[in-house]
Amino acid sequence: MYIINDIAYAGEPTPMLKIKSVRPLGDYRLWVRFSTDETKIFDFKPLLNDPVFIPLKDKAVFEQVYVDYSVAVWNDGDIDIAPEKLYADGIAVNDAEIA
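The structure reproduced in this document is the subject of the present report.

### Quick notes on the sheet that holds strand 8 (residues 79-81)
In sheet architecture, strand pairing relies on hydrogen bonds along the backbone and comes in two forms, parallel and antiparallel.
Here is step 1 of the chain: The antiparallel open sheet is built from three strands, whose spatial order is 6-7-8. In this open sheet, the two strands that pair with only one neighbour each are strand 6 (66-68) and strand 8. Direction aside, neighbouring strands of the sheet carry axes that sit 45 degrees apart on average.

### Details of the packing of aromatic side chains
Here is step 1 of the chain: Per the counting criterion, the structure on display carries eight aromatic pairs.
Here is step 2 of the chain: Geometrically, the ring pair formed by Phe 42 and Phe 44 is edge-to-face, given 5.6 Å between the ring centres and 75 degrees between the ring planes. Residue Phe 42 shares its accessibility class with Phe 44, and that shared class is buried.
Here is step 3 of the chain: An angle of 70 degrees between the planes, with centres 5.7 Å apart, marks the rings of Phe 44 and Phe 62 as edge-to-face. Of this pair, Phe 44 sits in the loop between strand 5 (39-43) and helix 1 (59-62) while Phe 62 sits in helix 1, placing them 18 residues apart in sequence.
Here is step 4 of the chain: In this structure, Arg 23 packs its charged tip against the face of Trp 31, placed 4.2 Å from the ring centre.

### Some details on the pattern of salt bridges
Here is step 1 of the chain: Here the structure, examined in full by the defined rule, presents four salt bridges.
Here is step 2 of the chain: Here Lys 20 ties to Asp 37 by a salt bridge, and the two come within 2.5 Å at their closest N and O atoms. Of this pair, Lys 20 sits in strand 3 (residues 19-25) while Asp 37 sits in the loop between strand 4 (29-34) and strand 5, and the two are 17 residues apart along the sequence.
Here is step 3 of the chain: Classification of Lys 20 as partly exposed rests on a relative accessible area of 48%.
Here is step 4 of the chain: A relative accessible area of 48% places Asp 37 in the partly exposed class.
Here is step 5 of the chain: Among the salt bridges present, the one from Lys 45 reaches Asp 27, with a minimum N-O distance of 3.1 Å. With Lys 45 in the loop between strand 5 and helix 1 and Asp 27 in the loop between strand 3 and strand 4, this pair connects stretches of sequence that are 18 residues apart.
Here is step 6 of the chain: Take Asp 27: its relative accessible area is 45%, and that puts it in the partly exposed class.
Here is step 7 of the chain: Several salt bridges share partner residues, and in doing so they unite Asp 27, Asp 43 and Lys 45 into one network.

### Section: the nonpolar core
Here is step 1 of the chain: The biggest cluster of nonpolar side chains holds 21 residues, and the ones touching the most others in it are Leu 30, Phe 44, Leu 56, Trp 74, Ile 81 and Leu 86.
Here is step 2 of the chain: At the level of secondary structure, the elements contributing two or more residues to this core comprise strand 3, strand 4, helix 1, strand 7 (71-74) and strand 8.
Here is step 3 of the chain: For this core, the element with the most residues is strand 4, which contributes three residues.

Rules and cut-offs
- Residues numbered from 1 in each chain as written.
- Predicted model: local features only at pLDDT ≥ 70, side-chain atom pairs only at ≥ 80, totals over all residues.
- Heavy atoms only, no water.
- Pairing = 2+ DSSP bridges.
- Helix = DSSP H or I, 4+ residues; strand = E, 2+ residues; numbered from the N terminus.
- Axes fitted to C-alpha atoms, helices over the stretch in contact; angles between N-to-C directions.
- Phe/Tyr/Trp six-rings, centres within 6.5 Å; stacked < 30°, edge-to-face > 60°.
- Buried < 20%, exposed > 50% of the residue type's maximum accessible area, 1.4 Å probe, protein only.
- Lys NZ or Arg CZ within 6 Å of the ring centre and 35° of its normal.
- Salt bridge = Lys/Arg side-chain N within 4 Å of Asp/Glu carboxyl O.
- Core = buried A, V, L, I, M, F, W, Y, C linked by side-chain atoms within 4.5 Å.

Take a look at the structure:
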């Protein structure tokens, strides 16, 4: 049990999910290593028509992804995506599986 702001919660607090490293792969996919040391592949294609992500349709822009304050970002931080989204919708892989 733990308490935050005078509210008691069962179990243990979940540590904040952070991105340790990210790199672009072909076909608008991201390889992501999380603070849990898990590695996942995230398919970005379904998000490319969302107005905030339209600049990422340019592959040169998409490939400039980097980690800033434990978040995947582009365009000097103007575009970002939550680590939780990448984790929840990513597919777990071993590093040996990445080609």
